[in-house]
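# Summary of structural features
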Amino acid sequence: RNKSDTMVDAAVMEKMEAGFAKLAASDSKSLLKKYLTKEVFDALKNKKTSFGSTLLDCVQSGFENPDSGVGIYAPDAEAYSLFADLFDPIIEDYHKGFKKTDKHPASDFGDVNAFGNVDPTGEFVVSTRVRCGRSMEGYPFNPCLTEAQYKEMEGKVSTTLSGLEGELKGKFYPLTGMDKAVQQQLIDDHFLFKEGDRFLQAANACRYWPSGRGIYHNDNKTFLVWCNEEDHLRII
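Remember, predicted model here, so these are calculated numbers, not experimental data.

## Details of the packing of aromatic side chains
If you walk through the whole model with that rule in mind, you get 6 aromatic pairs. Relative to Trp209, the ring of Phe193 lies with its centre 6.0 Å away and its plane at 80°, an arrangement referred to as edge-to-face. A residue pair is termed long-range when its members are at least 10 positions apart, and Phe193 in the loop between α9 (180-188) and α10 (198-202) and Trp209 in the loop between α10 and β3 (214-218) qualify at 16 residues. The exposure class of Phe193 is buried, given its relative accessible area of 5%. Three or more aromatic residues joined by ring pairs form one cluster here, namely Phe193, Trp209 and Trp226.

Pasting the structure below:
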């Protein structure tokens, strides 16, 4: 990359310096304030990821909301490495001692074909939900996504999911221009998601709403995918 690609814009730097001073003078109890020391701030403030994300993209929500519990959002996957001096101690503190050298233990669910019915009389279990978030390679996260990227991702997700057959066969519903009847049905099914809170909004995670967002569900309403809510994909 040439030098201009790695230089942080003067206006961004000015906003960053002002935000840091404001946070330092506050009585915030956030993990951001705890670990963004002057030394860490000075070491990271001139860095940019290959997506163009700066330290400001990570911390702007925490600067804006001193009542944050954490106060930091990763603007892309690379940020976890480039700004590790800030992310690592925050993650370790939040997850009660899970250090950067630690690894998740291997999953062992036993023989998944041998699970017994834990509630054969239907007395206790009403429903079960399994949910995971996934990111699409090659795209930044919400704080730095452009409207064109949101739309491009929605197109890929819609096209891919609409090709599913069998038990997973269903339909993709874009939030943009959604029919009122469809909207009400998705609300009734508890499927529809709303625009993010002030913490996400301050992180620039809700821009261009509802452009590039959508919901897929199968015909039986047992398989659901959210596109570009807070994660790229939330599979339920």
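From this point on, the discussion continues.
## A short note on the UniProt feature "binding site: ATP" (unreviewed entry) in the chain
The positions UniProt marks with the feature "binding site: ATP" (unreviewed entry) are Ser127, Thr128, Arg129, Val130, Arg131, His190 and Arg234. Contact partners of Val130, with chain neighbours within four places excluded, come to Ile235 and Ile236. Note on placement: Arg131 falls in the loop between α7 (84-94) and β1 (132-134). In contact with Arg131, other than residues within four places in its own chain, are Arg234, Ile235 and Ile236.

## Considerations on the nonpolar core
Counting 24 residues, the largest nonpolar core has Leu36, Leu55, Phe63 and Leu86 as its most contacted members. Residues Leu145, Tyr150, Tyr216 and Leu233 belong to the second largest nonpolar core, which totals 13 residues.

## A few points about the packing of helix α2 (residues 10-25) against helix α5 (residues 55-64)
Running from N to C, α2 and α5 point in directions that differ by 40°, and their axes come no closer than 10 Å. The handedness of the crossing between α2 and α5 is left-handed. In this structure, α2 contributes Val12, Lys15, Met16, Gly19, Phe20, Lys22 and Leu23 to the contact, and α5 contributes Leu55, Leu56, Gly62 and Phe63. Residues belonging to the contact of α2 with α5 are distributed by class as follows: 7 nonpolar, 2 polar and 2 charged.

## Section: α7
Listing the buried residues of α7 in full gives Ala84, Leu86, Phe87 and Ile90. The arc enclosing the buried residues of α7, seen along the axis, measures out at 160°, which places them on a common side. Residues of α7 that are buried sit in contact with α3 (31-35), α4 (38-44), α5 and α6 (79-82). Directly after α7, the chain includes Lys96, whose backbone phi takes a positive value near 55°.

## A closer look at the domain arrangement of the chain
The domains assigned to the chain are domain 1 (10-95) and domain 2 (130-235). Between domain 1 and domain 2, the C-alpha centre-to-centre distance is 28 Å. Taken together, the contacts link 15 residues of domain 1 with 13 residues of domain 2. Looking at the side of domain 1 facing domain 2, the largest losses of area belong to Phe51, Gln60 and Tyr73, adding up to 41% of the total buried there. The interface formed by domain 1 and domain 2 contains 1 salt bridge. In this structure, Asp67 engages Arg198 in a salt bridge whose closest nitrogen and oxygen atoms are separated by 2.6 Å.

## A word on helix α8 (residues 147-161)
Taking 1.5 Å per residue as the helical rise, α8 with its 15 residues ought to reach 21 Å, and the 21 Å between its terminal C-alpha atoms agrees with that figure. For α8, every residue scored as buried is listed here: Tyr150, Met153, Glu154, Val157 and Leu161. Down the axis of α8, the buried set is contained in an arc of 100°. They therefore lie on one face. Exposed residues lying more than 90 degrees from the buried face of α8 are Ala148 and Thr159.

## What about the pairing of strand β4 (residues 224-227)?
Of the two faces of β4, both are covered, the one formed by Leu224 and Trp226 as well as the one formed by Val225 and Cys227. Here β3 pairs with β4 via 4 bridges, running antiparallel. Note on β4: the bridge partner recorded for Tyr216 is Val225. Between β3 and β4, which pair antiparallel and follow one another directly, the connecting turn spans 5 residues, one of which, Lys221, has a positive phi of 60°. Pairing of β4 with strand β5 (residues 233-235) involves 3 bridges; the strand directions are antiparallel. From the neighbouring strand, Val225 faces β5, where its bridge partner is Ile235.

So, how was this worked out
Residues numbered from 1 in each chain as written. Predicted model: local features only at pLDDT ≥ 70, side-chain atom pairs only at ≥ 80, totals over all residues. Heavy atoms only, no water. Phe/Tyr/Trp six-rings, centres within 6.5 Å; stacked < 30°, edge-to-face > 60°. Helix = DSSP H or I, 4+ residues; strand = E, 2+ residues; numbered from the N terminus. Buried < 20%, exposed > 50% of the residue type's maximum accessible area, 1.4 Å probe, protein only. UniProt positions renumbered as here; feature names shortened; annotations may be inferred. Contact = heavy atoms within 4.5 Å. Core = buried A, V, L, I, M, F, W, Y, C linked by side-chain atoms within 4.5 Å. Axes fitted to C-alpha atoms, helices over the stretch in contact; angles between N-to-C directions. Left-handed = near helix turned anticlockwise from the far one by under 90°. Nonpolar A, V, L, I, M, F, W, Y, C, P; charged D, E, K, R; others polar. Arc of directions from axis to C-beta. Domains from an automatic or database assignment. Buried area = accessible area lost by both parts, 1.4 Å probe. Salt bridge = Lys/Arg side-chain N within 4 Å of Asp/Glu carboxyl O. Expected span 1.5 Å × (residues − 1). Pairing = 2+ DSSP bridges.

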